[in-house]
Protein chains: 4
Amino acid sequence: MIRFECDYAEGCHPAILEALTQSNFEQHPGYGEDAHCDRARQLIKEQLKAPEADVHFLVGGTQANATVICAALRPHQGAVAAVTGHINVHETGAIEALGHKVLPLPSDDGRISAEQVEEYCAAHYGDSTHEHMVQPGMVYISQPTENGTLYTLEQLRAMRRVCDKYGMMLYVDGARCGYGLASPANDVELSDLAALCDVFYIGGTKVGALFGEAVVITNENLKKDFRYFIKRQGGMLAKGRLLGVQFETLMDGGLYQNLGKHAVSLALEIRKTFEDCGVSMLYDSPTNQQFPILTRAEREAFSEKYAFSHWQNLEGDKAAVRFCTSWFTPEENVRLLMEDIRRICKR
Amino acid sequence: MIRFECDYAEGCHPAILEALTQSNFEQHPGYGEDAHCDRARQLIKEQLKAPEADVHFLVGGTQANATVICAALRPHQGAVAAVTGHINVHETGAIEALGHKVLPLPSDDGRISAEQVEEYCAAHYGDSTHEHMVQPGMVYISQPTENGTLYTLEQLRAMRRVCDKYGMMLYVDGARCGYGLASPANDVELSDLAALCDVFYIGGTKVGALFGEAVVITNENLKKDFRYFIKRQGGMLAKGRLLGVQFETLMDGGLYQNLGKHAVSLALEIRKTFEDCGVSMLYDSPTNQQFPILTRAEREAFSEKYAFSHWQNLEGDKAAVRFCTSWFTPEENVRLLMEDIRRICKR
Amino acid sequence: MIRFECDYAEGCHPAILEALTQSNFEQHPGYGEDAHCDRARQLIKEQLKAPEADVHFLVGGTQANATVICAALRPHQGAVAAVTGHINVHETGAIEALGHKVLPLPSDDGRISAEQVEEYCAAHYGDSTHEHMVQPGMVYISQPTENGTLYTLEQLRAMRRVCDKYGMMLYVDGARCGYGLASPANDVELSDLAALCDVFYIGGTKVGALFGEAVVITNENLKKDFRYFIKRQGGMLAKGRLLGVQFETLMDGGLYQNLGKHAVSLALEIRKTFEDCGVSMLYDSPTNQQFPILTRAEREAFSEKYAFSHWQNLEGDKAAVRFCTSWFTPEENVRLLMEDIRRICKR
Amino acid sequence: MIRFECDYAEGCHPAILEALTQSNFEQHPGYGEDAHCDRARQLIKEQLKAPEADVHFLVGGTQANATVICAALRPHQGAVAAVTGHINVHETGAIEALGHKVLPLPSDDGRISAEQVEEYCAAHYGDSTHEHMVQPGMVYISQPTENGTLYTLEQLRAMRRVCDKYGMMLYVDGARCGYGLASPANDVELSDLAALCDVFYIGGTKVGALFGEAVVITNENLKKDFRYFIKRQGGMLAKGRLLGVQFETLMDGGLYQNLGKHAVSLALEIRKTFEDCGVSMLYDSPTNQQFPILTRAEREAFSEKYAFSHWQNLEGDKAAVRFCTSWFTPEENVRLLMEDIRRICKR
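### A word on the overall build of chain A
Helix and strand content of chain A: 15 helices and 13 strands. The principal-axis extents of the C-alpha atoms in chain A amount to approximately 60 × 60 × 30 Å. Restricting to contacts in chain A with at least 6 residues of sequence separation, those with at least 24 account for 73%. As presented, chain A carries roughly 11900 Å² of accessible surface, and 49% of it is formed by carbon and sulfur atoms.

### Thoughts on the interface of chain A and chain B
In many analyses, interface size is given as the accessible surface area lost on bringing the parts together. Taken together, the contact pairs 43 residues of chain A with 43 residues of chain B. For chain A, the biggest contributors to the area lost against chain B are Gln27, Arg232 and Lys239 of chain A; these three give 17% of the whole. For the interface between chain A and chain B, the tally reads 23 residue pairs in polar contact (both at pLDDT 80 or more). Taken together, the elements giving at least two residues each to the side of chain A that touches chain B come down to α1 (14–22), α3 (61–72), α5 (94–97), α11 (226–232) and α12 (241–251) of chain A. Among the elements that take part in the side of chain A that touches chain B, α1 of chain A stands out by supplying 4 residues, more than any other. Looking at the side of chain A that touches chain B residue by residue, the class counts come to 20 nonpolar, 15 polar and 8 charged.

### Some details on the relation of the copies chain C and chain D
Expressed as a screw operation, the relation of chain C to chain D combines 0.0 Å of axial shift with a rotation of 180 degrees, fitting to an RMSD of 0.0 Å. A rotation of that kind, with that shift, is consistent with a two-fold axis.

### Looking at the sheet that holds strand β6 (residues 169–173) of chain B
All names here are of chain B. Pairing within the open sheet is mixed, and its 7 strands lie in the order β2-β8-β7-β6-β5-β3-β4. Taken across any chain shown, the strands that pair with only one partner, and hence form the sheet edges, are β2 (54–58) and β4 (102–105). Adjacent strand axes in the sheet meet at a mean angle of 25 degrees, parallel and antiparallel pairs treated alike. Summarising the sheet, strand β3 (residues 77–82) and strand β5 (residues 135–142) pair through 4 bridges and their orientation is parallel. Residue Gln77 lies in a different strand from β5, and its bridge partner there is Gln135. In the packing of helix α6 (residues 114–126) onto the sheet, contacts are made with β3, β4 and β5, and the angle to β5 comes to roughly 165 degrees.

### A short note on unusual backbone geometry
Following Gln143 of chain C, the chain continues into Pro144 of chain C via a peptide bond in cis, with omega recorded as -10 degrees. Positive phi outside glycine occurs at Asp225 of chain A, with the angle close to 65 degrees. Along the polypeptide, Asp225 of chain A turns up in the loop between α10 (220–223) and α11. Given the relative accessible area of 17%, Asp225 of chain A is considered buried.

### Here's the deal with the interface of chain C and chain D
With 43 residues of chain C at the interface, the matching set in chain D holds 43 residues. With both chains or domains summed, chain C and chain D bury close to 3900 Å², and 58% of this area falls on carbon and sulfur atoms. The interface formed by chain C and chain D includes 0 salt bridges. Taken together, chain C and chain D are joined by 23 residue pairs in polar contact (both at pLDDT 80 or more). Tallying contributions element by element places helix α1 (residues 14–22) of chain C first for the side of chain C that touches chain D, with 4 residues.

### A short note on the packing of aromatic side chains
Inspection of every chain in the model, using the stated rule, returns 62 aromatic pairs over all chains. Look at Tyr125 of chain A and Tyr166 of chain A: their rings are 6.0 Å apart centre to centre, the planes differ by 0 degrees, and that puts the pair in the stacked class. Here Tyr166 of chain A lies in helix α7 (residues 153–166) and Tyr125 of chain A lies in helix α6 (residues 114–126), a separation of 41 residues in the sequence. Judged by its relative accessible area of 33%, Tyr125 of chain A falls in the partly exposed class. Of the residues examined, Tyr166 of chain A reaches a relative accessible area of 17% and is grouped as buried. For the ring pair Tyr283 of chain C and Phe291 of chain C, a centre distance of 5.0 Å and an interplane angle of 80 degrees mean the geometry is edge-to-face. Here Tyr283 of chain C falls in the buried class, since its relative accessible area comes to 10%.

### Describing the side chain of Asp109 of chain C
Residue and element names in this part refer to chain C. Here Asp109 lies in the loop between β4 (102–105) and α6 (114–126). Residue Asp109 is classed as buried on the basis of its relative accessible area, which comes to 17%. In this structure Asp109 touches Thr145, Asn147, Thr149 and Tyr283, once residues within four positions along its chain are discounted.

### Let's talk about the pattern of salt bridges
Summed over the entire model, instances satisfying the criterion amount to 84 salt bridges over all chains. A salt bridge links Lys165 of chain C to Glu118 of chain C, with the nearest nitrogen and oxygen atoms 3.2 Å apart. With Lys165 of chain C in helix α7 (residues 153–166) and Glu118 of chain C in helix α6, this residue pair connects regions lying 47 residues apart in the sequence. For Lys165 of chain C, a relative accessible area of 54% gives the class exposed. Relative accessible area serves as the criterion here: at 25%, Glu118 of chain C is assigned to the partly exposed category. Here Asp164 of chain D ties to Arg160 of chain D by a salt bridge, and the two come within 3.0 Å at their closest N and O atoms. Of the two residues, Asp164 of chain D and Arg160 of chain D both sit in helix α7 (residues 153–166), 4 residues apart, roughly one turn of that helix. Residue Asp164 of chain D is classed as exposed on the basis of its relative accessible area of 51%.

### Topic: the relation of the copies chain A and chain B
Structural alignment of chain A on chain B gives an RMSD of 0.0 Å, achieved by rotating through 180 degrees and translating 0.0 Å along the axis. A share of 100% of interface residues in chain A that are also interface residues in chain B marks the association as one of identical surfaces.

### As for the packing of helix α13 (residues 255–276) of chain A against helix α15 (residues 331–344) of chain A
Residue and element names in this part refer to chain A. It is at 9 Å that the axes of α13 and α15 come closest, and there the two elements cross at 10 degrees. The angle between α13 and α15 places the two elements in the roughly parallel class. Of the residues in α15, those in contact with His262, Leu266, Glu269, Ile270, Thr273 and Phe274 of α13 are Glu331, Val334, Leu337, Met338, Ile341 and Arg342. In terms of residue class, the contact of α13 with α15 is made up of 7 nonpolar, 2 polar and 3 charged.

Cut-off values and rules
Residues numbered from 1 in each chain as written. Chains lettered and ligands numbered in written order. Predicted model: local features only at pLDDT ≥ 70, side-chain atom pairs only at ≥ 80, totals over all residues. Heavy atoms only, no water. Helix = DSSP H or I, 4+ residues; strand = E, 2+ residues; numbered from the N terminus. Contact = heavy atoms within 4.5 Å. Areas by Shrake-Rupley, 256 points an atom, 1.4 Å probe, with all protein chains shown as cover. Buried area = accessible area lost by both parts, 1.4 Å probe. Polar contact = N/O pair within 3.5 Å; in protein donor to acceptor, adjacent residues only side chain to side chain. Nonpolar A, V, L, I, M, F, W, Y, C, P; charged D, E, K, R; others polar. Least-squares fit on C-alpha atoms with pLDDT ≥ 70 in both. Pairing = 2+ DSSP bridges. Axes fitted to C-alpha atoms, helices over the stretch in contact; angles between N-to-C directions. Buried < 20%, exposed > 50% of the residue type's maximum accessible area, 1.4 Å probe, protein only. Salt bridge = Lys/Arg side-chain N within 4 Å of Asp/Glu carboxyl O. Phe/Tyr/Trp six-rings, centres within 6.5 Å; stacked < 30°, edge-to-face > 60°. Parallel < 35°, antiparallel > 145°, perpendicular 65-115°, else oblique.

Okay, here's the thing in structure tokens:
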């Protein structure tokens, strides 16, 4: 079976294992206050051009989302998100567990617009009973989204403006951040995220690390006491060095960027091959996830040899599926897939 | 500086790094449903002689405590614990974050007795206004305790009886479990914990792993839907295989037990040397943490060469400190320390 | 100004004030354990034909919803509700405050169907990643709904069946229960609610009381320790007698039913008058809330003399508004309104 | 049976029932935005000499405590309180339900000192692992305390200073506030509370109202959005006018003060009579609760005729009990009790 069903099926890039092995017997203070974390923080802040930012390393994405949102919102506030957003669908209520409602907005392709948020906030404050409703306190978006799509720089700037207008935080979930940065369609750099967001995270788990997400905070109010929140959420790793070593490796010499490019260029070849064969894509994704719409016969033909995810039933016997590349995906596997696309999807 | 201040200053036992490296490019399903987790679960259940138990792997201790307690208690219930217990002192309110009060009982050496719990529960239900107070729903203890002490099998049996009498769960935090099992003073086997507790965990982080705790559930009611709780608390590791590989290595061929023995036998040599020099210990600890009571001059003398923790000020210029061994502690370092004890602590 | 904008603008039925005055200097134990509460509970259970039910009196509806839902659900579970349901929209996240997600289903007229719930649950358990999503643990519906509509007995039975199939509680919010019971279109008696629900409440605040809701629990598991939950949520009224005296008065001699009838018969006269004039209603409401669709000119004409609520903008200059009667509404006011409807809404 | 066991056994002062009756058919907007609430707020602010304060009316004390503390603290913070404090003992974990730990300090007589708080905070911030512990974010005290004792103005000022030093809020629970103000030993006026606290509440339930507590906020940050918190906690009374009418009545013409004086002067007569007979008091209470230490024979003798509360077992057969007067207590009852004290307590 050739696997395209997710971007976390393997361990990590070998350079990381090597760095962990090399540093294994070093003695370090715990909880993220070691030299490796310090250096990783330094490397990240350089890339962000944000020397004043705070950087914290957490183990996983749901933990990062819950910790950030809990620290950022007052209890009566909720996080505005796409109805398809990870916090609204795939975190078993981790945000609600900490007392906050997710305020879902409809979305076609995983994105929400500044206009939608503006309309939502105007409706909230325009309603004389707004104290009976959860106050929008943050906008949560993902870059790339769950559907592989990307916000443009102009869209992010518009979102920042509406956040400023209504006193909301802007938070970007960057679980697949590396695959967004590497896209030819992307015009948002890490330094733009640092300039426009109050807080965001750079995902490691899905982009070559064993695990780990780097939370970047630029909002002064949110910086205060953030480590208490990490501990309260159970996210303070005793051997924090493990996170430091991994991000040090990823951020040094452009490894993170290279891993992203590898995955995205292969994904775009897959997409092009599908489209050349007349297959439509459910979303216009310029990143490592691709969502071709296939007939049942086509899906069955592919599934003899390939693992991929079912995404959404469509009319007739059609359905969208997801093919996902990663930092690891062997080029040889993609070549085989492309041949099979040409064979199976004759239209 | 020779380090005795904690048991998590290094990475992990080399066999673990080797196993991670060897399995790195294997492709596995995520979230703990892979073959390594399965095998690790099997090995643990064999040692527990509890084939029906459920075993879940979590990244850290605070996460394990919060997840277990949230799943075990109804909202109006609290966890009875020693006032010095980890959940009462050192988790930044992670238990309260999920809505539960910790109900503290006084403790001399980290332990609480079945009699104390009996008295507490009798007082609760005997008070006609008990519905105005948090209901005791669980007893939380650590084996070994924060102070290195151990419950005897008879003490655990008595605790089980009082839990049964009042319909409470019994939960054992085994962050340093390996150092308890290895103690010559210990008469509680893993299979006893499985037989007497509703739930407990076997600590990996402090006993040779990079990270990881194995939560064992024997109570049927608690088994149901436990994985939802792991995810809700942000503890569902995407690459769950990392936990599987580590526990597989620790549990295979007695590595876990050997690492415990190494640390404890060295700690007991240190203790004996102190006592031979007339130094009293704050607690009667038969495990890897030792708490000698030293004068200021003695503390200063040791601190030129050794790292150790300040624990508690006592009368005059005396204070208790903590020397901690681990799976890693080189024997050579202990020999040097023992020589210095004999030199510094002349009484 | 003649007021039709809500059903809680006045104090209470005079018989209640009289009963409070008469009992004022009686001395009673606090917290709902007095003779008035006992008698009120007895009267309610007789009407329910449910001698085994538990009845608790709470001050308000949001408090009742939060307390019931917190007691009924395990932490990883959510409450399935209409997207327009009170708990989803108008309780400032009181349910989320206690850790639970509201799982919204689309709704045309305030109701959701057993088929929708079936489909939702089937999709949840059919998804292999369901542990990453909030588990549906309860169905929350209102009778009448926020839009004045009523569930039929057959619809409730179907909902009960789907709840049984998926192990969910069925909870009915009866804030306006009295106005449902009094509707000529209603075929659901209080005894049906007792037979079909795990828990529901009979609303006092909007049906003649100063305040107060009677929560009825028939599910044995939910009965246990419920008073702890009331106290924990801050809902244990010190002078619980006030709730007992009010429900005693409402439930004795059919007062509650009569107050409902008064309001509903007036509301239906208003509706008929609108419809006779060719005005459409947004919802087919057989209870005390009516939602005529008016032009701007009509709305302006009415607002010179009447207070009513804006409900929803529709196409062109049309909008739905709400006229609401209550236990108090003077017949004379309705007669005036009907005359003005005939005058203003000439079509 | 002559009742001295609590201060909430009756309904309310007749003037309140009269005002409720008189205003019953007035039509008012809901949720505390009516003319009665406005006037009550005005009267309170005049007494406080704090025209800028915000005043909110809540139904009960636990609700007030939970709402205030949730609004005042960030999630990682706890409330420092006497171990005997109401929030630590008698609210079924309502504070923990919202995610906050109560940080208990030992107390002899219900009070804690500024020195204790200083020491606690210094220890917290002095510990290098303080991020692993709940941060003290507020001092919670009661005036009078659960034991009838009073803070002096100087003690409150000292507490304010330590709160300022460590960036903590100062919150005073005034459930029995009226009985403190009326004490001859008291030197703290309402205006002092307004000047020294960030937030406090003036208790109605125990001082002549049917129910109701007036929360006063002087801290600007805490004012913002407070009504959202009331609703979220289920404390937004639909017919808020009921609270307005009651506080209007209590605060107009000194009724509240007079009710307090009535109770306290009777309590002090009881105390003096006990002491004249050689009976010691457990606490030096200058308010409406008195705690004589009686032998078993004495307790049995009193219990033939009087209801009072058991408080605490002491050595031998001695125990402290509580006699409690209220705004209602008939003087005749106190005269009878005093005669019996002289008869029973011959020493």
